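Given next are the chains, with one letter for each unit.
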Amino acid sequence: MAQPRRPAGGCSCRNTDCLERPLRSLFQGLGSAVAAWPWPFLLLPLLLSGGLGAGFLFLPQRQANDIEGQFTPTGGPAKAERDFVLRRFPANDSERFSAPRLPTEGAYAALIAVAADGGSVLESPAWPDVLRLDRAVRDRGYEQVCARSAGACESANPLLGDAAPARDNLTFPVSHGRFLGAALGGVRTGDDGLVQSARALKLLYYLRQDGPAAAESRRWLQSFLRDIPAELATLGFASIQVTYFTSLSRQQEFEGNTKSVIPLFSITYFLTITFSVVSCMRLSCIRNNVWLACCGVVSAGLAVLSSFGLMLFCGVPFVVTVANAPFLILGVGVDDMFIMIASWEQSARKKGKSDVRSLLAETYAEAALSVTITTLTDVLAFFVGTWTAFRSVRSFCLYTGTAFIFCYVYTLTFFGAVLVLNHKREQGNRHWLTCMPVGVEEQAEKSCLYNACCIGSCSRQHLTQQRDSEHPMSVFFKKYYGPFFTNKWMKVLVVVLYGAYLGGSIYGCTQIREGIDLRNLASDDSYVIPYYDDDDKYFSTYGPRVMVVITESVDYWNKTVRLGIENCTQNLEGISYVDKNLSESWLRVYTSLADSGLIDISTETLFINNLAVLFQIVPSFAWDINVTQDKIEASRFFIQTVNVTSAVDEKNLLNELRERAQQCSIPFMVYHPAFIYYDQYLVIVQNTIQNVVVAAGAMLLVSLLLIPNPLCCLWVTFAIASVIVGVAGFMTFWNVNLDSISMINLVICIGFSVDFSAHISYAFVTSGESSANGRAIEALSLLGYPVLQGAVSTILGVVVLAAAKAYIFRTFFKIMFLVILFGALHGLLFIPVFLTYSGNVGRSPRNGSPKNLELRFRNEKDCP
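Residues numbered from 1 in each chain as written. Predicted model: local features only at pLDDT ≥ 70, side-chain atom pairs only at ≥ 80, totals over all residues. Heavy atoms only, no water.

Let's talk about the overall build of the protein chain
Working step 1: When you go through the protein chain residue by residue, the secondary structure sums to 29 helices and 13 strands.
Working step 2: Residue pairs in contact within the protein chain that sit at least 24 positions apart in sequence constitute 79% of those at least 6 positions apart.
Working step 3: Just so you have it, the protein chain exposes about 34400 Å², and 59% of that area is on carbon and sulfur atoms. (Helix = DSSP H or I, 4+ residues; strand = E, 2+ residues; numbered from the N terminus. Contact = heavy atoms within 4.5 Å. Areas by Shrake-Rupley, 256 points an atom, 1.4 Å probe, with all protein chains shown as cover.)

Notes on the state of the cysteines
Working step 1: Counted by the stated rule, this structure contains two disulfides.
Working step 2: Between the sulfur atoms of cysteine 146 and its disulfide mate cysteine 153 the distance is 1.8 Å. Given an S-S torsion of about -65°, the disulfide between cysteine 146 and cysteine 153 has left-handed geometry. In this pair, the class of cysteine 146 matches that of cysteine 153, namely buried.
Working step 3: The partner cysteine of cysteine 568 in its disulfide is cysteine 664, sulfur to sulfur 1.6 Å. Taking the torsion about the sulfur-sulfur bond, which here is approximately 90°, the covalent link between cysteine 568 and cysteine 664 counts as right-handed. One end of the pair, cysteine 568, is in helix H19 (residues 559-573); the other, cysteine 664, is in the loop between helix H23 (647-663) and strand S13 (668-671), and 96 residues separate them in sequence. For the pair cysteine 568 and cysteine 664, a shared accessibility class is recorded, and that class is buried. (Disulfide = S-S within 2.5 Å. Buried < 20%, exposed > 50% of the residue type's maximum accessible area, 1.4 Å probe, protein only.)

Some thoughts on the packing of helix H2 (residues 38-53) against helix H10 (residues 290-313)
The relative placement of two packed helices comes down to the angle between their axes together with the axis-to-axis distance.
Working step 1: Direction vectors running N to C along H2 and H10 enclose 40°, while the axes themselves pass 7 Å from each other. Between H2 and H10, the angle falls in the class oblique. Seen along the crossing, H2 lies across H10 with a hand that is left-handed. Within the contact between the two elements, H2 uses Leu46, Leu48, Ser49, Gly51, Leu52 and Gly53 and H10 uses Leu302, Leu305, Ser306, Gly309, Leu310 and Phe313.
Working step 2: Across the contact of H2 with H10, the residue classes break down as seven nonpolar, five polar and no charged. (Axes fitted to C-alpha atoms, helices over the stretch in contact; angles between N-to-C directions. Parallel < 35°, antiparallel > 145°, perpendicular 65-115°, else oblique. Left-handed = near helix turned anticlockwise from the far one by under 90°. Nonpolar A, V, L, I, M, F, W, Y, C, P; charged D, E, K, R; others polar.)

A few points about the packing of H19 against helix H20 (residues 586-595)
Working step 1: Viewed as axis vectors pointing N to C, H19 and H20 meet at an angle of 135°, and their least axial separation amounts to 11 Å. In this view, H19 runs oblique relative to H20, as classed from their interaxial angle. Our pair here, H19 against H20, has a crossing hand that is left-handed. Side by side, H19 and H20 meet where Arg562, Ile565, Glu566, Thr569, Gln570 and Glu573 of the first sit next to Leu587, Arg588 and Thr591 of the second.
Working step 2: Tallied by class, residues from the contact of H19 with H20 come to two nonpolar, three polar and four charged.

Re helix H12 (residues 356-384)
Working step 1: Its 29 residues place the ends of H12 40 Å apart at the C-alpha level, agreeing with the 42 Å of an ideal helix rising 1.5 Å per residue.
Working step 2: A large share of H12 lies buried, amounting to 24 of its 29 residues. (Expected span 1.5 Å × (residues − 1).)

Here's the deal with the pattern of salt bridges
Working step 1: Tallied over the full model, the rule gives 23 salt bridges.
Working step 2: Arginine 138 is the partner of aspartate 134 in a salt bridge, and the nearest nitrogen-oxygen pair spans 3.3 Å. A residue pair is termed a helical-turn pair when its members lie 3 or 4 positions apart in one helix, as aspartate 134 and arginine 138 do in helix H6 (residues 126-138) at four residues.
Working step 3: Residue classification places aspartate 134 among the buried positions, given a relative accessible area of 11%. (Salt bridge = Lys/Arg side-chain N within 4 Å of Asp/Glu carboxyl O.)

A short note on the sheet that holds strand S8 (residues 240-246)
Within a sheet, each strand pairs with its neighbour through backbone hydrogen bonds, oriented either parallel or antiparallel.
Working step 1: Strand order in this open sheet of four strands is S6-S7-S1-S8, and the pairing throughout is antiparallel. Lying at the two open borders of the sheet, with one neighbouring strand each, are strand S6 (184-189) and S8. Each neighbouring strand pair of the sheet contributes to a mean axis angle of 20°, computed without reference to strand direction.
Working step 2: Taken together, the eight bridges between strand S1 (residues 107-115) and strand S7 (residues 195-207) define a ladder with antiparallel strand orientation. (Pairing = 2+ DSSP bridges.)

Considerations on the side chain of aspartate 534
Working step 1: Among the secondary structure elements, aspartate 534 is positioned in helix H18 (residues 528-539).
Working step 2: For the buried residue aspartate 534, which engages in no salt bridge, the nearest side chain bearing the opposite charge is lysine 537, 6.4 Å off.
Working step 3: Setting aside anything within four residues of it in sequence, one finds aspartate 534 in contact with Ile112, Val114, Thr243 and Phe539. (Lys, Arg positive; Asp, Glu negative; His and termini not counted.)

Regarding the pairing of S8
Working step 1: The buried count for S8 comes to six of seven residues, which makes it a mostly enclosed element.
Working step 2: Pairing of S1 with S8, which is carried by seven bridges, proceeds in the antiparallel orientation. In the strand pairing of S8, alanine 115 is matched with isoleucine 240.

As for H20
Working step 1: Within the sequence span of H20, burial applies to Trp586, Leu587, Tyr590, Thr591, Leu593 and Ala594. Burial along H20 is one-sided: seen end-on, the buried residues are contained in an arc of 155°.
Working step 2: Lining the buried residues of H20 we find H19, strand S10 (578-584), helix H21 (604-609), helix H22 (611-617), strand S11 (625-627) and strand S12 (632-642).
Working step 3: Put simply, serine 585 is the residue that caps the front of H20, since its side-chain oxygen is 3.3 Å from the backbone nitrogen of leucine 587. (Arc of directions from axis to C-beta. Polar contact = N/O pair within 3.5 Å; in protein donor to acceptor, adjacent residues only side chain to side chain.)

Some words on a nonpolar patch on the surface
Working step 1: A contiguous nonpolar surface patch, about 530 Å² in accessible area, is contributed by Trp39, Leu43, Leu44, Leu46 and Leu47.
Working step 2: Note on placement: tryptophan 39 falls in helix H2.
Working step 3: With a relative accessible area of 49%, tryptophan 39 lands in the partly exposed category. (Patch = residues over 30% accessible without salt bridge, like charges linked within 9 Å, V, L, I, M, F, W, Y side chains within 5 Å.)

As for the environment of glycine 564
Working step 1: For glycine 564, the location among the structural elements is in helix H19.
Working step 2: Judged by relative accessible area, glycine 564 falls into the buried class, the value being 13%.
Working step 3: Sequence separation of glycine 564 and isoleucine 666 is 102 residues, and the distance between their C-alpha atoms is 6.9 Å.

Quick word on the confidence of the model for the protein chain
Working step 1: Here the protein chain shows a mean pLDDT of 83. Residues at 70 or above account for 87%.
Working step 2: Of the regions scoring below 50 in pLDDT, residues 844-864 engages in 104 contacts with residues more than four places distant in sequence or in other chains. (pLDDT = per-residue confidence, 0-100.)

Concerning the packing of aromatic side chains
Working step 1: The full count for this structure, using the stated rule, is 52 aromatic pairs.
Working step 2: Ring centres 5.2 Å apart and planes at 15° place the aromatic pair phenylalanine 245 and tyrosine 531 in the stacked group. Taken together, the positions of phenylalanine 245 in strand S8 and tyrosine 531 in helix H18 put the pair 286 residues apart, joining distant regions of the chain. Neither phenylalanine 245 nor tyrosine 531 differs from the other in exposure class; each is buried. (Phe/Tyr/Trp six-rings, centres within 6.5 Å; stacked < 30°, edge-to-face > 60°.)

Here's the deal with the side chain of serine 722
Working step 1: By secondary structure assignment, the location of serine 722 is in helix H26 (residues 710-733).
Working step 2: Of note is the side chain of serine 722, whose polar atom sits 2.6 Å from the side chain of histidine 826.
Working step 3: With residues near it in sequence (within four places) discarded, serine 722 still touches Tyr498, Tyr501 and His826.

Observations concerning empty space enclosed by the protein
Working step 1: Tallying each qualifying case throughout the model produces three cavities of 30 Å³ or more.
Working step 2: Taken together, 13 residues line the largest cavity, and the ones lying closest to its centre are Ala91, Asn92, Arg96, Arg101 and Arg636.
Working step 3: Its residues placed into classes, the lining of the largest cavity shows seven nonpolar, two polar and four charged. (1 Å grid on protein atoms, 1.4 Å probe; cavity = no way out; pocket = protein on both sides within 12 Å on 5 of 7 lines; lining within 4 Å. Points joined across faces, edges and corners; volume = space filled by probe spheres on them.)

Next up, the structure:
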């Protein structure tokens, strides 16, 4: 008989189970109800899943894979800045197009021609091929949809067209008043400053976006993407290598990622079912748990169907990151199944527990609390993750958190009913596959071969011994693993190993790279990757041409005001990322005209009226001044950035420009379309820390309420912090940036840290062994294999993502692998060793037999 439980009492530092007791009673009642009426609890989840699954009809409408909307922070400053520029400086692609003045990325097709064999694109035979390439693009009807300036299509490159400068008399980066920094790459100049050679040339074909022309331009780009591979093959260039990209490419390639991962679902389910079947297979053809294993996987699948359907009914956007969720949910659902089976088997071995209602009530009293703790911590972690500035993270957390809830409900209803029906089959001595009666009572009259096939043993005595024997893995942890790592010198080695782990983790945290590289939104075999490579290699010296906007009406005619504007401009040009020789300012030109005596700008009227003279000299300046009849509402000029080659450079550039603009006495604003993506650097670390801290606090609170031992909660907190630091540090070594995708996984990390750490520490503090080493060995013998089994099942759920061609899915696998690896390492190695140094501190009165601990927490999934 099991030892009696300690009497109920009030909560104290040593007895914190005042919440645990009523929950156990509640679950016992639920178990009795499921055992009494299994069919309603089996059929209702199926019907509910079928009804909610109809929500998938709304999937095409709910897909929201807009990169800007999902992977940039909501309320980012650059979005407000873009709206201001659009209002004050509206673009006109049909009459006065200027690429640097675009408030958006624009609609365009881009090609990079790189001279083969180390040659120069400015010389023969490469240059004729460049002209052929340009002519081939224009012959596709480009003239009908092109962005125009002064009645003509905008040139694809400053070196093309009738007014292009001679190629043998070029200077770099500015030649004959034309900026070539974004047009020529791999440039080599001579002592006289003239360009001697250039390895690459970029062609940019801008299209109209205003009015009805936008739809026509989009069709042209779609046709371009469809036909250009075959057209390049037909042209057969021998002297140049061509890569291409369009304004549609990034979005289209990103949306294609979801389709690429669909085939992996079937592999994942096959692996999970196989692992579950192997883990729960018995030699007895009656007590074989194969169908239980399969139904456990089905239960997880129903949870995905119900939760996703419900979210789609509710209008929650379906983002590509959500496609990661089923892999994770499957692993967690199988974990819960293992808990239920293990608890059921242990309850069945107890004497006097032959009644199915008593069996399931005892099972739920032990297993349901474990599932509740870990489900609650995981769901809290996901819902805390919705407090983020990234819509992609919000959607993922909503879908996954809801799926965890359904997984929990279906485990306690659908799978509980399956346990009852399977028990009735066993009681009727029916075969696990055919459900045909197997005559165990006539065993003695049958051959050993028959008994081995139909009973699973040659003798009833051996079958009974098999039922009551300890699992071989538990024996391994008890006799070999535990004693080996509680040896004095091995414990010292483990402490040293942990020190190395912690040191490496902290160092990795200092090297974290922030932000998502836009190339990572495409699959590895996408045509955009070679284009990005060429762009980085040959055109990274000159970065965004940043727009500096004076946002309010100021007294431009006042010399003091103009001096303030000039000082602010020079302050911006003083940043290391800005080349002050490449700035473009209408006010400087206007002031120099006044200083030369050509015009008078000393009064407001003269200043406004003489702008016409400036526009005659430089017509494009008319697009930089928002002037009404009596005042200038806003104006802008441009500064050229250089050497912005990494995420760190992008972050530093944005911060320095905005800080200096805010320090200016004149109302300055800096803007470039790329800043919309740079804005993620301002919030990614803050959001991650906020989510991790809040989620960790919630986990600690749940642990204190539901795990009746304060010392155990202390070790849970330690494990959470240690695993998070480890995952954050080592993901740097695995080339994973801190972005909205990895931030999701760091939040997940908290929930799984609780799963792995609670088992061993609680088993240790409640052990009846006299020595600390003995308690650690007993904890490992009871929970070592379940922890290991849970880690393997979860990794199997996501391992196929390692073969994905998309960065998003591989990143999910990498971080989940680190989470499970470090979580299991803490549960099976670090915490048991550290606990041996704590001695008798925080020991709790025994709560029944130590075997009862085996089923108290998640991952205790031994299928006997």
